[in-house]
Amino acid sequence: MKRTGILLCAALALADSAPAAPYSVFYRLAGQTNSEIVGFSRQGQLTLTNAQPSGNFSIEWAFDLAHFATGLHEVVAYGPITGAEMTVEAPLATTARPAWTNAGLVPGGVFVMGNHYTNISIANPVHDVRTRAFYADQREVTWALWSNVRSWALTNGYADLNTGSAVAAAHPVQNVTWYDCAKWCNARSEKEGLVPAYCSNGAFAGVYRTGTPDLSNECVRWGANGYRLPTEAEWEKAARGGLVGHWYPWPSLGGNWSDHIGATSANYRASGDPFDTPGDSFDVDTTPAGYYNGSQMISNVVGGSDMANGYGLYDTAGNVQEWCWDWYDGGYYSTYASNAWPDDVTGPPTGSTRVIRGGPWSTQAQGLQTSRRLNDHPSNSATYTGFRCVRGL
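Right, let's walk through the structure included here. (Residues numbered from 1 in each chain as written. Predicted model: local features only at pLDDT ≥ 70, side-chain atom pairs only at ≥ 80, totals over all residues. Heavy atoms only, no water.)

In terms of regular secondary structure, the chain is built from 4 helices and 19 strands. By the burial criterion, 53% of the 393 residues in the chain qualify as buried. The contacts in the chain between residues at least 6 apart in sequence include a share of 67% that link residues at least 24 apart. In the structure as shown, the chain presents an accessible area of about 15700 Å², 51% of it carried by carbon and sulfur atoms. (Helix = DSSP H or I, 4+ residues; strand = E, 2+ residues; numbered from the N terminus. Buried < 20%, exposed > 50% of the residue type's maximum accessible area, 1.4 Å probe, protein only. Contact = heavy atoms within 4.5 Å. Areas by Shrake-Rupley, 256 points an atom, 1.4 Å probe, with all protein chains shown as cover.)

Structure (structure tokens):
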């Protein structure tokens, strides 16, 4: 897909997410060969020419030309091409970004990924990864939020989203497949008027709403402002909360893993929360999303530390394990030299299972380590698997 027709428009910055005024914004058309942007109105209308009928277009913007090459641009409009010359609506540079409440900001830059303490091949070698900045849900997606979006989705083209399940509305949704989560992310985006990230195929043709296709990395509008699953690298960066080389998402440097975790830290097997079955060696199920906020009740005693990590995220260890975007490869950490990983890495090009991270309520405390890698077939679901969303700035 050719990208052409970069248009410069001067504007004053009113949105708090944009650079200080005055500044320039650049629009770029991603469409078929020979398509161009030939006009721009003060109302944000872009005129396209030489478009091939039956194709699709995307309008991207950035505040620096170099951002198109480094991935720091954003898809702000998309759709089918309806004629050789057409006008499309694009947001103005002064348009305020849609608010996302209950989200943590994960800053851009390099973090150190992998297991620093044990020679587990699937989590080694330790390596440097650079990601762009993004937002992440502070809490795992609850059944209440899942159900709200699903109700909208079922009447807007999403015909096969599972009901899911949960202990209660404020608990994380469970029993959802990877496919369910990807489609739900798109539905959440469309419901809120954002550009959905997942397309039906690599030509950006159609929004992914139904079925179980094996989406590739080329099926993702990585610059879209809509919701999506985190890549494995994004998940670990968000989970670490800015810590380097710690066992868990809270201060836990050195020693043994068992030195740094207790019943008030997270929901794991028989950790003593009120949702355990007394005398049972297994947790019975989840705790409410964000339960470990300093008011958690453990073994009938209320209190403990607020376990939000450095980016304000809860339950990146324990409760439900979380689906990620990437195909799983147990040897993937050896793909590149430790200091030569590509920016914003999106995982292997193909695979048979998808990455899962975080460690669930049903595992022992050792299984909640931040570097632990899991995987499952994308069509499987479980009472101990859920997810959280990320979104670009």
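Burial analysis of strand β15 (residues 321–327) places 7 of its 7 residues in the buried class, which makes it a mostly covered element. The sheet contact formed by β15 and strand β18 (residues 385–386) spans 2 bridges and is parallel. Its bridge partner lying in β18, Gln321 is registered against Thr385. One ladder, built from 3 bridges, connects β15 with strand β16 (residues 354–357); its direction is antiparallel. Along β16, the bridge assignment pairs Glu322 with Arg357. (Pairing = 2+ DSSP bridges.)

A few words on unusual backbone geometry. In this chain, Asn124 is followed by Pro125 through a cis amide linkage whose omega measures 0°. By the secondary structure assignment, Pro125 is in the loop between β9 (109–113) and β10 (127–131). A positive phi angle is found at Ser299, which is not glycine, with a value near 50°. Relative to the assigned elements, Ser299 resides in the loop between β13 (297–298) and β14 (301–302). Overall, the relative accessible area of 52% leaves Ser299 in the exposed class.

We now examine the sheet that holds β18. Across the sheet, which stays open at both edges, the 4 strands sit in the order β17-β16-β15-β18 with mixed pairing between neighbours. Only two strands of the sheet have a single partner each, and these edge strands are β17 (373–376) and β18.

The next subject is the packing of aromatic side chains. Aromatic ring pairs are reported here in terms of the distance separating the ring centres and the angle at which the planes meet. Across all of its chains, the model carries 15 aromatic pairs by this definition. Between Tyr117 and Trp247 the ring centres are 4.3 Å apart and the planes differ by 10°, which places this aromatic pair in the stacked class. Taken as a pair, Tyr117 in the loop between β9 and β10 and Trp247 in the loop between α4 (232–240) and β13 lie far apart in primary sequence, 130 residues in all. In this structure Tyr117 comes out as partly exposed when scored by relative accessible area, which is 31%. Residue classification places Trp247 among the buried positions, given a relative accessible area of 6%. Their ring planes at 85° and their centres at 5.4 Å tell us that Tyr332 and Trp341 sit as a pair that is edge-to-face. Here Tyr332 falls in the buried class, since its relative accessible area comes to 8%. Taken together, Trp178, Tyr179, Tyr198, Trp222 and Trp325 form an aromatic cluster joined through their ring pairs. (Phe/Tyr/Trp six-rings, centres within 6.5 Å; stacked < 30°, edge-to-face > 60°.)

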